[in-house]
Amino acid sequence: GHTVKVFLPFYQSVSKSAAVKDSGVKPMQIRLGEKSLEVGLKVTTLSGHPAEVFLVDCPIFFDRPELLRDRNTGLAYPDNDERFILFCRASLEFLKELGFGPTVIQANDWQAALESMVACIGPFAPHMAEELWQQLGHSTSVHIDTWPKADPAFLVTDTMVIVVQVNGKVRA
């Protein structure tokens, strides 16, 4: 068994759909350039899953009607980079406060990953993809957006040595 702790921004949409409690960890000040922002930590659970889900709470950055884009203009929020940096820094600081030293940390712009995934499932599950696309804050259809681009660097063939062990003996 592995211990899994999930950290997500405490978006407005999460506050409307999950049973959220205080984590018991005191809010802290996180420096972001010249700014110092108070950041709190909430906790919730996933239905049927033992992983704790921690929600990084900074209303000035995350309490907005849409995840990534301004509802009125359709444009990305101009402070999305700061929001993501704050989220990552706060998550690391809260890990220390929780006394949890993970062996693996996966941190990425998960919203962008979700957008690519939804675009790719569009041809196979168009109605579900359309609904998910709207939930991600888009006002246009997933079917008229651009297709995700392949990165040629990931298409290069690599050679890998895989060690196989049978009955406790290494085989070539």
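I will try to describe carefully the structure that is included in this document. (Residues numbered from 1 in each chain as written. Predicted model: local features only at pLDDT ≥ 70, side-chain atom pairs only at ≥ 80, totals over all residues. Heavy atoms only, no water.)

Quick notes on the side chain of Asp 79
Convention followed: Secondary structure elements follow DSSP: runs of H or I of four or more residues count as helices, runs of E of two or more count as strands, with numbering from the N terminus. A 1.4 Å probe rolled over the protein chains alone gives each residue an accessible area, and that area as a share of the maximum for its type sets the label: buried under 20%, exposed over 50%, partly exposed in between.
Among the secondary structure elements, Asp 79 is positioned in the loop between helix 2 (59-62) and helix 3 (80-98). The exposure class assigned to Asp 79 is buried, which follows from its relative accessible area of 13%.

What about the pairing of strand 4 (residues 35-46)?
The line we're drawing: One requirement defines pairing of two strands: DSSP has to find at least two bridges between them.
Relative to strand 4, strand 2 (residues 21-22) runs antiparallel, the two being bridged by two bridges. Directly across from Asp 22, in strand 4, lies its bridge partner Lys 42. Between strand 3 (residues 28-32) and strand 4, which pair antiparallel one after the other, the connecting turn spans two residues, and Gly 33 there sits at a positive phi close to 65°. Looking at chain direction, strand 4 and strand 5 (residues 49-57) are connected through seven bridges and run antiparallel. Opposite Thr 45, over in strand 5, you have Glu 52 as the bridge partner.

Points about the side chain of Asn 80
Put simply, the rule reads: Between N or O atoms, a polar contact is any pair within 3.5 Å; within protein, one atom must be a potential hydrogen donor and the other a potential acceptor, and residues adjacent in sequence are included only when both atoms are from side chains.
When you line up the elements, Asn 80 lands in helix 3. Among the polar contacts made by the side chain of Asn 80, one reaches the side chain of Arg 83 at a distance of 2.6 Å.

Examining the pattern of salt bridges
To keep it simple, the criterion reads: Any carboxyl oxygen of Asp or Glu that lies within 4 Å of a side-chain nitrogen of Lys or Arg is treated as forming a salt bridge with it.
All chains considered together, the criterion is met by five salt bridges. The shortest N-O distance in the salt bridge between Asp 79 and Arg 64 comes to 2.6 Å. Note that Asp 79 is positioned in the loop between helix 2 and helix 3 and Arg 64 in the loop between helix 2 and helix 3, a separation of 15 residues in sequence. For the pair Asp 79 and Arg 64, one class covers both residues: buried. Between Lys 96 and Glu 93 there is a salt bridge whose closest N-O contact spans 3.4 Å. With Lys 96 and Glu 93 both in helix 3, this residue pair falls three residues apart, about one helical turn.

As for the layout of surface pockets
Rule in force here: The distinction between a cavity and a pocket rests on a 1 Å grid over the protein atoms alone: a 1.4 Å probe fits inside a cavity but cannot get out, while a pocket stays open yet meets protein on both sides within 12 Å along at least five of seven lines, and a residue with an atom within 4 Å of a point counts as lining. Grid points are joined across faces, edges and corners, and a volume is the space filled by probe spheres set on the points. Put simply, Ala, Val, Leu, Ile, Met, Phe, Trp, Tyr, Cys and Pro go in the nonpolar bin, Asp, Glu, Lys and Arg in the charged bin, and everything else, Gly too, in the polar bin.
Approximately 300 Å³ is the volume found for the second largest pocket. Along its surface, the second largest pocket is lined by 17 residues, and Ser 13, Val 14, Pro 65, Leu 67 and Gln 135 are the ones closest to its centre. Looking at the lining of the second largest pocket element by element, the count peaks at four residues for helix 1 (residues 12-17). Residue classes in the lining of the second largest pocket are distributed as nine nonpolar, four polar and four charged.

Focus: the environment of Arg 89
Applied cut-off: By the convention used here, residues are in contact when the closest approach between their heavy atoms is within 4.5 Å.
Here Arg 89 shows up in helix 3. Through-space distance from the C-alpha of Arg 89 to that of Ile 30 is 7.5 Å; in sequence the pair is 59 residues apart. Ignoring any residue separated from it by four or fewer positions in sequence, one finds Arg 89 in contact with Ile 30, Arg 31 and Leu 32.

Overview of the nonpolar core
To be explicit about the condition: In these notes, a set of buried Ala, Val, Leu, Ile, Met, Phe, Trp, Tyr and Cys residues joined through side-chain atoms within 4.5 Å is what counts as a nonpolar core.
By size, the foremost hydrophobic cluster in this structure holds 32 residues, and its most contacted members are Phe 7, Val 39, Val 56, Phe 62, Leu 86 and Phe 94. Counting residues per element, the ones that place at least two in this core are strand 3, strand 4, strand 5, helix 2, helix 3, helix 4 (110-121) and helix 5 (126-135). Broken down by element, this core gets its largest block of residues, five residues, from helix 3. Not counting residues within four places of it along the chain, the set of residues in contact with Phe 62 comprises Pro 9, Phe 10, Tyr 11, Gln 12, Val 56, Arg 83, Leu 86 and Phe 87.

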